[in-house]
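Spelled out, the chains give:
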Amino acid sequence: MRSTTGQDVERAAAETASALGPHTGLDWQVPAGSLDWSCWTTAAHIAHDLTAYAAQVTSRTPSGYLPLDLRVRPGTPPAEVLVVVSASARLLSSAVTAADPSDRAWHWGPCDPGGFAAMGVAELLLHTYDIARGLGLSWRPPPGLCAPVLSRLFPDAPQGPPTEVLLWSAGRIALPGRPRRTSWSWKAALTESPAAGATTGHAGRRTDR
């Protein structure tokens, strides 16, 4: 399976803009699917994480996240929040594309640029799905973007259609014979430590960076 690239990050961001852009006039203060966050807060969270990942890749810091946070101003219209998401995705895409594959930066252990790209795509796809559910839309992530994310972040995921398996892996849906997960984790770091690189989430909320 090929690695996730900066181009994939931009493709995922284009999916987000296409799916959500026509619906910015709806109420974005409703919960985003099963999350505790509103649709607005979830979109701002996407932008924050993409920016944080870009900073990590470019800094090549060996331990810990940089002490920075992206703050989207309260009251910013949803359409403008989506512009911030797209801009943040381009930052991550540029950082991943410019990096050497041998570069390493912190994500609970040493993580390569492809790992940060995979996490960026996962954030975009999963949270676009959450927001779409909150807004009453039927959007689902495209399988071509889901497959490399599964391979990189959920290597032990079951076989099946990539979209459904990614949504199951991240606690969004049930699969036949597999109940919906109440907790889950992905692993981006390249170390062998069992806890390294694990980003943990819960079906009803997100606790990871």
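It should be noted that the structure appears before, not after, this text.
Just so we're clear, the structure is a prediction, and the values are computed from it rather than from any experiment.

Thresholds applied
- Residues numbered from 1 in each chain as written.
- Predicted model: local features only at pLDDT ≥ 70, side-chain atom pairs only at ≥ 80, totals over all residues.
- Heavy atoms only, no water.
- Salt bridge = Lys/Arg side-chain N within 4 Å of Asp/Glu carboxyl O.
- Helix = DSSP H or I, 4+ residues; strand = E, 2+ residues; numbered from the N terminus.
- Buried < 20%, exposed > 50% of the residue type's maximum accessible area, 1.4 Å probe, protein only.
- Core = buried A, V, L, I, M, F, W, Y, C linked by side-chain atoms within 4.5 Å.
- Disulfide = S-S within 2.5 Å.
- Expected span 1.5 Å × (residues − 1).
- Phe/Tyr/Trp six-rings, centres within 6.5 Å; stacked < 30°, edge-to-face > 60°.
- Lys NZ or Arg CZ within 6 Å of the ring centre and 35° of its normal.
- Arc of directions from axis to C-beta.
- Polar contact = N/O pair within 3.5 Å; in protein donor to acceptor, adjacent residues only side chain to side chain.

A. Highlighting the pattern of salt bridges. The full count for this structure, using the stated rule, is 5 salt bridges. Asp-112 is the salt-bridge partner of Arg-152, the closest N and O atoms lying 2.5 Å from each other. Highlighted residues: Arg-152 in helix H5 (residues 143-153) and Asp-112 in the loop between strand S2 (110-111) and helix H4 (113-134), separated in sequence by 40 residues. Neither residue differs from the other here; Arg-152 and Asp-112 are each classed as buried.

B. Summary view of the nonpolar core. Among the nonpolar cores identified, the biggest contains 60 residues, and Trp-28, Ile-131, Leu-153 and Trp-186 are the most heavily contacted of them. Mapped by element, the contributors of at least two residues to this core are helix H1 (6-20), helix H2 (39-59), helix H3 (78-98), H4, H5, helix H6 (162-169) and strand S3 (183-187). Examining the composition of this core, we find that 12 residues originate from one element, H4, more than from any other.

C. The arrangement of the state of the cysteines in detail. Inspection of the entire model under this criterion finds 0 disulfides. Left unpaired, Cys-39 is separated from the closest cysteine sulfur, that of Cys-146, by 19 Å. The structure places no disulfide on Cys-146, whose sulfur is separated from the nearest cysteine sulfur, that of Cys-111, by 19 Å.

D. H4, seen in detail. Taking 1.5 Å per residue, 22 residues should reach 32 Å; H4 reaches 32 Å between its end C-alpha atoms and fits that length. The buried fraction of H4 is high, at 20 of 22 residues. In the stretch just after H4, Gly-136 is the one whose phi turns positive, near 80°.

E. Fine view of the packing of aromatic side chains. Applying the stated rule across the entire model yields 5 aromatic pairs. Ring geometry for Phe-154 versus Trp-186: centroids 6.3 Å apart, planes at 80°, classification edge-to-face. Residue Phe-154 is found in the loop between H5 and H6, and its partner Trp-186 is found in strand S3; the two are separated by 32 residues along the sequence. Using a relative accessible area of 7% as the deciding quantity, one classes Phe-154 as buried. With relative accessibility at 1%, the residue Trp-186 sits in the buried group. Three or more aromatic residues joined by ring pairs form one cluster here, namely Phe-154, Trp-184 and Trp-186. The ring of Trp-168 carries the charged tip of Arg-178 above its face, separated from the ring centre by 5.6 Å.

F. View of H1. Helix length check: H1 (15 residues) gives 21 Å between terminal C-alpha atoms against 21 Å at 1.5 Å per residue, within 8%. Turning to H1, its buried residues number three or more, namely Gly-6, Asp-8, Val-9, Ala-12, Ala-13, Thr-16, Ala-19 and Leu-20. One side of H1 holds all its buried residues, which, seen down the axis, span an arc of 155°. Exposed and oriented more than 90 degrees from the buried face of H1 are Gln-7 and Ser-18. At the N-terminal end of H1, a side-chain oxygen is found 3.3 Å from the backbone nitrogen of Gln-7, two or three residues along, and the residue is Thr-5.

G. Layout of unusual backbone geometry. Even without being a glycine, Arg-60 presents a positive backbone phi close to 55°. Tracing the backbone shows Arg-60 in the loop between H2 and H3. Even without a glycine there, the phi angle at Trp-108 is positive, about 55°. By the secondary structure assignment, Trp-108 is in the loop between strand S1 (105-106) and S2. The class of Trp-108 is partly exposed, set by a relative accessible area of 47%.

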